[in-house]
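Here's the letter readout for the chains.
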Amino acid sequence: MTDALRFQSPFEVQTPPGCEGWTEMYPYYLLFSEDRRQEEENKLWFYNGMHAPEAVHPFDTIGFEAGYLGIGEMSSRMFAIPPAMGIDFRFLNGRLYISPTAVGDPKKIEERAKLFERRAGYYFQNWPQFYEEWREKVKREIEQLKAIRFPELPEVEDERLVFERKGYGTSQEVFEAYHRLLESIFRIWQIHMEIVMIGFAAYFTFYEFCKKAFPEISDQAITRMVGAIDVSMFRPNDELKRLAKRAVELGVDSHFRPGADVKEVFQVLEQTEAGRTWLEEWRRSSDPWFYMNTGDGFHHHHRAWVDDPGAVFGILCDYVAKVKRGESLERDIEGRRRDRDQITEGYRALLQTEEDRRAFDQLLGLVRNVYYSIEDHKFYVEHWYQSVFWNKVRELGALFVRQGFFRDVEDIFYLHWSEVHQALMDLLLSWTIGAPARGPVYWPPIIARRRELMRKLREWNPPPALGTVPEAVVDPAVVMLWGITPERLRAWLEPEKAEEKVLRGFAASPGVVEGPARVVLSVDQLHEVQEGEILVCSVTEPSWAPVFSRIRATVSDIGGMMSHAAIVAREYGIPAVLGTGSATKRIRTGQRIRVDGDAGTVTLLED
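What counts and how
- Residues numbered from 1 in each chain as written.
- Predicted model: local features only at pLDDT ≥ 70, side-chain atom pairs only at ≥ 80, totals over all residues.
- Heavy atoms only, no water.
- Helix = DSSP H or I, 4+ residues; strand = E, 2+ residues; numbered from the N terminus.
- Rg over C-alpha atoms; globule rule 2.2 N^0.38 Å.
- Contact = heavy atoms within 4.5 Å.
- Buried < 20%, exposed > 50% of the residue type's maximum accessible area, 1.4 Å probe, protein only.
- Lys, Arg positive; Asp, Glu negative; His and termini not counted.
- Salt bridge = Lys/Arg side-chain N within 4 Å of Asp/Glu carboxyl O.
- Polar contact = N/O pair within 3.5 Å; in protein donor to acceptor, adjacent residues only side chain to side chain.
- Core = buried A, V, L, I, M, F, W, Y, C linked by side-chain atoms within 4.5 Å.
- Pairing = 2+ DSSP bridges.
- Phe/Tyr/Trp six-rings, centres within 6.5 Å; stacked < 30°, edge-to-face > 60°.
- Lys NZ or Arg CZ within 6 Å of the ring centre and 35° of its normal.
- Right-handed = clockwise from strand over helix to strand, strands pointing away.
- Axes fitted to C-alpha atoms, helices over the stretch in contact; angles between N-to-C directions.
- Arc of directions from axis to C-beta.
- Expected span 1.5 Å × (residues − 1).
- Parallel < 35°, antiparallel > 145°, perpendicular 65-115°, else oblique.
- Left-handed = near helix turned anticlockwise from the far one by under 90°.
- Nonpolar A, V, L, I, M, F, W, Y, C, P; charged D, E, K, R; others polar.

1. Topic: the overall build of the protein chain
Line of reasoning, step 1. Helix and strand content of the protein chain: 19 helices and twelve strands.
Line of reasoning, step 2. Its C-alpha atoms give the protein chain a radius of gyration of 25 Å, near enough to 25 Å, the size a compact globule of 607 residues would have.
Line of reasoning, step 3. Referenced to the eigenvectors of the C-alpha coordinate spread, the extents of the protein chain come out at roughly 80 × 65 × 55 Å.
Line of reasoning, step 4. A fraction of 73% describes how many contacts in the protein chain between residues 6 or more apart in sequence connect residues 24 or more apart.

Below is the structure:
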């Protein structure tokens, strides 16, 4: 490898001033280390701003540990995806960097291909049935998670425990509850990856078939052959639209004013029969559809709509106003399907043999099912499950507060889950023995220091990639989801020229528009997006779907053809250019830009 094909070494990245000691928040195995330096410098690490758009709290690492454990298990051990093992990851200055692990030995790839064909083929042949079974598994897991309780620690145990000869007391129940909580999240992420990893592999197979059969075909044409879907990820937004219509029908629409306090509005609605009717419908929609967090489920503080309706109240007001103006809130799914079918027939007609047409039909049929599942599954795990999980952790945090270990319920997130295990043992030992615990004096200063570290780490601007650019990227998920290819990485390495007015990325959704940009660096800024603006962000989150009804186009730093931003942009019929690498750094709010979703370019029209 030459220097031109290398990003900065992770060992050359400086600790931001005031953030010394940040490594204490993460376990040793998730840090770059001198004893693994040679191996780590020779790999590519790219910033996973898609799932971790900010510094990660110590406890929140559990989602990534469970997730990457699941990816590794399913990719490398369960289904033996031929060229791909798992995805390695490290934390650097609190930010998450990931690295795909490839299988390099051709003989090994051949052996794994046989296993993959037999194992994944079993799933592919029965995909609709297995996906329904998968959803039921997730629902059962959520119900089991909800059932976990952290009982109060009494002065003396209830005599029922004595006379029923149960044999153990409340300390054991609390201990078991924490273990069930941990087991649950690690299990759900294996279940999550059961369908996702081979789903990406199926899509990648269809993609390669199309590239070989139609050498001139664009990536976008391939994606348009499998789009026009109606999945559960759109249901929360559809429920908001339904509630907007009901507000007008019930005559309570005047309460939905932009800028109004949602709690005050709900209190006013409680005072009339029509208002109470609307609130009852809100509550019915909430479970489960408003277990939709404002991120992608990996940060505990990205609260769900059911916990904080304020996150979507502005969008709800927009919908109410549109209903009153007689505007349609519906997506043109039928139009998308006609477009999809027309493109599909056009390319199918180019195939020369019946054998090729049969292979095309089989792959397309599979990938349409897979495409649906890849987007549909996100609601069940990243949103519904994760929102319940974080609140369950808060229930344990409340127990620590009552016992004097923490000042606030949220303090628990400043400890790694293995440290919580230690703190819990300290708490239970002190309660059973009747002796003072060390936790109430040990943890508060540590939490205070980490709170300040997290504040400063959030200000750090992470480089997009580190280490060595590989000759090829063969992991289907890395290509499809993050849009990481050697070509894209080389483009990131090219020095930026101030006079360069065109940014290039993945042409994710067709169309050409011009308009003012709105740069959004965090979910907290989402309410600033105005009608007719072009959203410019590092990456969009699934819960941002309602804002797509306001914008004319979207541009992102990160994202591939199967990323949520790409899927949603296509379904909403707005242009999108993703994976530019630097859009949020080059574009400022208010600047006029032109987005060409066919060519994959963004032109800066004003300085």
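Read on, since the account is not over.
2. As for the side chain of Arg 95
Line of reasoning, step 1. Tracing the backbone shows Arg 95 in strand E3 (residues 95–102).
Line of reasoning, step 2. The buried charged residue Arg 95 lacks any salt bridge partner; its closest oppositely charged side chain belongs to Glu 54, at an N-O distance of 7.7 Å.
Line of reasoning, step 3. A polar atom in the side chain of Arg 95 sits 2.9 Å from the side chain of Tyr 47.
Line of reasoning, step 4. Among the polar contacts listed, one links the side chain of Arg 95 to the backbone oxygen of Leu 457, at a separation of 3.3 Å.
Line of reasoning, step 5. Residues within four places of Arg 95 in sequence aside, it is in contact with Tyr 47, Pro 53, Glu 54, Ala 55, Arg 90, Leu 457, Arg 458, Trp 460 and Pro 462.

3. Concerning the nonpolar core
Line of reasoning, step 1. In terms of nonpolar packing, the biggest core is built from 189 residues, with Phe 59, Tyr 178, Phe 256, Trp 278, Phe 389, Phe 400 and Trp 482 touching the most fellow members.
Line of reasoning, step 2. Among the elements that line this core, the one with the most residues is helix H6 (residues 170–213), at 24 residues.
Line of reasoning, step 3. In this structure Phe 400 touches Phe 405, Phe 406, Ile 412, Val 420, Ala 423, Leu 424 and Leu 427, once residues within four positions along its chain are discounted.
Line of reasoning, step 4. Membership of the second largest hydrophobic core comes to 15 residues, among which are Ile 534, Val 536, Ala 553 and Leu 604.

4. Quick word on the pairing of E3
Line of reasoning, step 1. By the bridge criterion, two bridges tie strand E1 (residues 44–47) to E3 in an arrangement that is antiparallel. Bridging across to E3, Phe 46 finds its partner in Ile 98.
Line of reasoning, step 2. Taking the residues that link successive antiparallel strands as the turn, the strand E2 (residues 84–92)-E3 hairpin has two residues, and the phi of Asn 93 there is positive, at about 50°.

5. Some points on the packing of aromatic side chains
Line of reasoning, step 1. A complete count under the given rule lists 46 aromatic pairs for this structure.
Line of reasoning, step 2. Between Tyr 442 and Trp 443 the ring centres are 4.9 Å apart and the planes differ by 90°, which places this aromatic pair in the edge-to-face class.
Line of reasoning, step 3. On the accessibility criterion, Tyr 442 (35% relative accessible area) is partly exposed.
Line of reasoning, step 4. Members of the aromatic cluster, connected to one another through ring pairs, are Trp 22, Tyr 26, Phe 64, Tyr 68, Phe 89, Phe 91, Trp 189 and Phe 298.
Line of reasoning, step 5. The ring of Tyr 414 has Arg 451 lying over it, and the distance from NZ or CZ to the ring centre is 5.2 Å.

6. Considerations on the pairing of strand E9 (residues 553–556)
Line of reasoning, step 1. Side-chain alternation along E9 places Ala 553 and Val 555 on one buried face and Thr 554 and Ser 556 on a second face that is also buried.
Line of reasoning, step 2. The pairing of strand E8 (residues 534–537) with E9 spans four bridges and is parallel. Bridge assignment links Leu 535 to a residue of E9, and that residue is Thr 554.
Line of reasoning, step 3. Of the strand pairs in this sheet, E9 and strand E10 (residues 576–578) are connected by two bridges, and their pairing is parallel. Within E10, the position partnered with Val 555 by the bridge is Val 577.
Line of reasoning, step 4. Remark: the E9/helix H18 (residues 564–572)/E10 crossover connection has right-handed handedness.

7. Remarks on the sheet that holds E3
Line of reasoning, step 1. Taken in spatial order, the four strands of this open sheet run E2-E3-E1-E4, and their pairing is antiparallel. What marks the edges here is a single partner per strand, and that holds for E2 and strand E4 (465–467). Averaged over all pairs of adjacent strands, the angle between their axes in this sheet comes to 25°, without regard to strand direction.
Line of reasoning, step 2. Strand contacts of helix H2 (residues 61–78): E2 and E3, with the helix running at about 160° to E2, the strand carrying the most contacts.

8. Re the sheet that holds strand E11 (residues 592–596)
Line of reasoning, step 1. The eight strands lie next to each other as E5-E12-E11-E7-E8-E9-E10-E6, forming an open sheet whose pairing is mixed. Looking at strand neighbours, the two that pair on one side only are strand E5 (502–504) and strand E6 (506–509), the edges of this open sheet. Adjacent strand axes in the sheet meet at a mean angle of 30°, parallel and antiparallel pairs treated alike.
Line of reasoning, step 2. For E5 and strand E12 (residues 601–604), the ladder comprises three bridges, and the chain directions are antiparallel. Each residue of the ladder has a partner; that of Arg 504, found in E12, is Thr 601.

9. Let's talk about helix H17 (residues 486–493)
Line of reasoning, step 1. The complete set of buried residues in H17 reads Pro 486, Arg 488, Leu 489 and Trp 492. Considered in projection along H17, the buried side chains sweep an arc of 160° and stay on one side of the axis.
Line of reasoning, step 2. Buried residues belonging to H17 abut E1, E4, E5 and E6.

10. Some remarks on H2
Line of reasoning, step 1. The terminal C-alpha atoms of H2 lie 24 Å apart, and with 18 residues this matches the ideal 26 Å at 1.5 Å per residue to within 8%.
Line of reasoning, step 2. H2 sits mainly inside the fold: 14 of its 18 residues count as buried.
Line of reasoning, step 3. Positive phi shows up at Ala 80, right after H2, with a value of about 55°.

11. A short note on the environment of His 255
Line of reasoning, step 1. By the secondary structure assignment, His 255 is in the loop between helix H8 (235–249) and helix H9 (262–269).
Line of reasoning, step 2. Put simply, His 255 and Ala 545 are 290 residues apart on the chain and 24 Å apart in space, counted from C-alpha to C-alpha.
Line of reasoning, step 3. Setting aside residues no more than four positions away along its own chain, His 255 makes contact with Ala 260, Val 265, Val 268, Leu 269 and Phe 313.

12. A short note on the packing of H2 against H6
Line of reasoning, step 1. At a closest axis distance of 8 Å, the pairing of H2 and H6 adopts a crossing angle of 45°. On the basis of the axis angle, H2 is oblique to H6. Viewed along their axes, H2 and H6 form a crossing whose handedness is right-handed. Between H2 and H6, the contacting residues are Ile 62, Gly 63, Glu 65, Ala 66, Gly 67, Leu 69, Gly 70, Ile 71, Glu 73, Met 74 and Ser 75 on the first element and Leu 182, Ile 185, Phe 186, Trp 189, Gln 190, Met 193, Glu 194 and Met 197 on the second.
Line of reasoning, step 2. Its residues placed into classes, the contact of H2 with H6 shows eleven nonpolar, five polar and three charged.

13. Brief notes about the pattern of salt bridges
Line of reasoning, step 1. One pass over the structure, following the stated rule, counts 50 salt bridges.
Line of reasoning, step 2. Note that Arg 242 is salt-bridged to Glu 281, the shortest N-O span being 2.7 Å. One end of the pair, Arg 242, is in helix H8; the other, Glu 281, is in helix H10 (residues 273–289), with 39 residues separating them in the sequence.
Line of reasoning, step 3. Using a relative accessible area of 7% as the deciding quantity, one classes Glu 281 as buried.
Line of reasoning, step 4. In this structure, Glu 382 and Lys 378 form a salt bridge, with 3.4 Å as the shortest nitrogen-oxygen distance. Taken together, the residues Glu 382 and Lys 378, both in helix H13 (residues 354–402) and four residues apart, mark about one turn of the helix.
Line of reasoning, step 5. Residue classification places Lys 378 among the buried positions, given a relative accessible area of 10%.
Line of reasoning, step 6. Linked by salt bridges that have partners in common, Arg 235, Glu 239, Arg 242, Arg 246, Glu 249 and Glu 281 make up one network.

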